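Remarks on the overall topology
Residues per chain, in single letters:
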Amino acid sequence: MNGNKIQLHWQILMALILAFIIGVSIQVGGLESSGFAEGLVSSCEFLGKLFMNALKMIMVPLIVSSIICGVMGLGAQSNFGRMGLKTFTYYAATGMLAIIVGLVLVNVIKPGVVDQETAMMITGQADTSEKLTSKFEDRGAKDLVDIFLRMVPPNIVDAATDNGQLLGLIVFSLIFGFFISQLKNNLYDFQVNFWQSILEIMMKITNLIIKFAPIGVFGLVTPIIVRTGLEIFQPLFWFVVTVVGALSIHFFITLSILLKTFGNINPLTHYKAMAPVLLTAFSSASSAATIPVTLKTVENSAGVSNRTASFTIPLGATVNMDGTALYECIVVIFIAQFYGVVEGFEIGFITQFKIVLLALLTSVGVAGIPAASFVAITVILGVVGLPIEAVGMVWVIDRVLDMCRTATNVFSDTCGAVIIAKSEGENVYGSNDEKPS
Ligand code: ASP
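Residues numbered from 1 in each chain as written. Predicted model: local features only at pLDDT ≥ 70, side-chain atom pairs only at ≥ 80, totals over all residues. Heavy atoms only, no water.

What follows covers empty space enclosed by the protein. Per the counting criterion, the structure on display carries 1 cavity of 30 Å³ or more. Here the largest cavity is characterised by a volume of approximately 80 Å³. Broken down by element, the lining of the largest cavity gets its largest block of residues, 4 residues, from helix H20 (residues 398-423). Split by residue class, the lining of the largest cavity holds 7 nonpolar, 7 polar and 2 charged. (1 Å grid on protein atoms, 1.4 Å probe; cavity = no way out; pocket = protein on both sides within 12 Å on 5 of 7 lines; lining within 4 Å. Points joined across faces, edges and corners; volume = space filled by probe spheres on them. Helix = DSSP H or I, 4+ residues; strand = E, 2+ residues; numbered from the N terminus. Nonpolar A, V, L, I, M, F, W, Y, C, P; charged D, E, K, R; others polar.)

Right, here's the structure in full:
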């Protein structure tokens, strides 16, 4: 009977359609302030909160174990120094480039800047204005200094319990993972087994939570549609344009330029060869689930050695998430734009810088499974002081965007693999064949 089970993304879609039908019917019938609608909204809010609590519950252990596992693998490489440095430079550079594209587009298109009445209806958060506005007032250099101070928290246990301190926890996990890679023999093996088992448990719990996504999504989305009717779809349309536009620029332009410039590889050849990888990533929305196909394809079709592929691909699937980093940045600024319209604040440079930094760092800690970036988005919203329930707005179209960002994430891993392999003198796409020996 398992084969007949409806797949999760269809269940989410059905939950959305149901939320849509109920919400619009209440709106059309003018029943928004009826006892029925109020009861429904508060029950939905309860379900939505439960779902968000579950995501928050998993946040610290998932992010910590995922970062540690990503970084500690470096020790297994005999020549980690050179290859590790190249790989990390590639990950950091492409992540940053992706975020910059996202940042520029979300500031130019401004999908969250709608008329005040619509924004107020959608956010329904007028009562928090004072609290929010004060958080968004940039204090210039002092805030900037504060970000760096947060990276080194005086108390790591405190940092783990306070949303605003997660930056410190991420940095600590990176350092911790790095020093595991420096351990020898049985100490190293013990730590690797320990953290891998923790990560596996956390991935299983995350999967369990995500199984409840249809109910959670229904709970988060219904109150928004009851409040706004179809109004929500106009900013969402521009939000989708922004995300797809930014992902496309990164996918088609930035990564092509990198392939050509640093690998002297014809981008078209690479796109064609990676078609099975892209299709698997797109349909599964999971970088981790795509690893076997990615490994096989970069080795068999592109000619990357097993040594390079087995280092860069699994690591990339956890650490290198360009599409996710870009998405996190756009979602948070999109939500901030909404609240900005309601409360009249501008998202200053410091706040944007904070979002960029957090998007880059948290994307490292996002697991390669569907919808995992919501854990990171929740973290960033908490840190910059926005209500985390606001992610309900983007759940409406998340699955499709998840498919697109996962394809971008995985494609960037393959570009990294071929560029690094080429720099190691490997015969990528037969490049060494024509050289006289
Ligand atoms: N689904 C993405 C991946 O597996 C992660 C995310 O952005 O949610 O790469």
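From this point, the discussion proceeds with the structure in view.
One can describe the packing of helix H1 (residues 8-28) onto helix H10 (residues 213-228) by two numbers: an axis separation of 8 Å at closest approach and a directional angle of 25°. Here H1 is positioned roughly parallel relative to H10, judged by the angle of their axes. Every pair of crossing elements has a handedness; the one defined by H1 and H10 is right-handed. Classifying every residue of the contact of H1 with H10 gives 17 nonpolar, 5 polar and 1 charged. (Axes fitted to C-alpha atoms, helices over the stretch in contact; angles between N-to-C directions. Parallel < 35°, antiparallel > 145°, perpendicular 65-115°, else oblique. Left-handed = near helix turned anticlockwise from the far one by under 90°.)

Once that is clear, we can look at the nonpolar core. Formed by 137 residues in total, the largest nonpolar core has its most connected members in Phe239, Tyr327, Ile335, Phe374 and Trp395. Considering every element that reaches this core, the biggest residue donor is helix H2 (residues 35-72), with 18 residues. Excluding residues within four positions of it along the chain, isoleucine 335 makes contact with Leu381, Leu386, Ala390, Val391 and Met393. (Core = buried A, V, L, I, M, F, W, Y, C linked by side-chain atoms within 4.5 Å. Buried < 20%, exposed > 50% of the residue type's maximum accessible area, 1.4 Å probe, protein only. Contact = heavy atoms within 4.5 Å.)

Let's shift gears to the site of the ligand. Near the ligand lie 17 residues; those nearest to it are Ser287, Thr324, Asp402, Arg405 and Asn409. Side-chain polar atom of aspartate 402 to a nitrogen atom of the ligand: 2.7 Å apart, as the coordinates give it. Relative to its unbound accessible surface of 270 Å², the ligand loses 100% to contact with the protein. Under a 2 Å grid-point criterion requiring more than half of the atoms, the pocket assigned to the ligand is the largest cavity. Taken together, the residues of the shell around the ligand sort by class into 8 nonpolar, 7 polar and 2 charged. (Near = heavy atom within 4 Å. Polar contact = N/O pair within 3.5 Å; in protein donor to acceptor, adjacent residues only side chain to side chain. Areas by Shrake-Rupley, 256 points an atom, 1.4 Å probe, with all protein chains shown as cover. Sits in = over half its atoms within 2 Å of the grid points.)

Take it as geometry only, folks, not as evidence of what the structure does.
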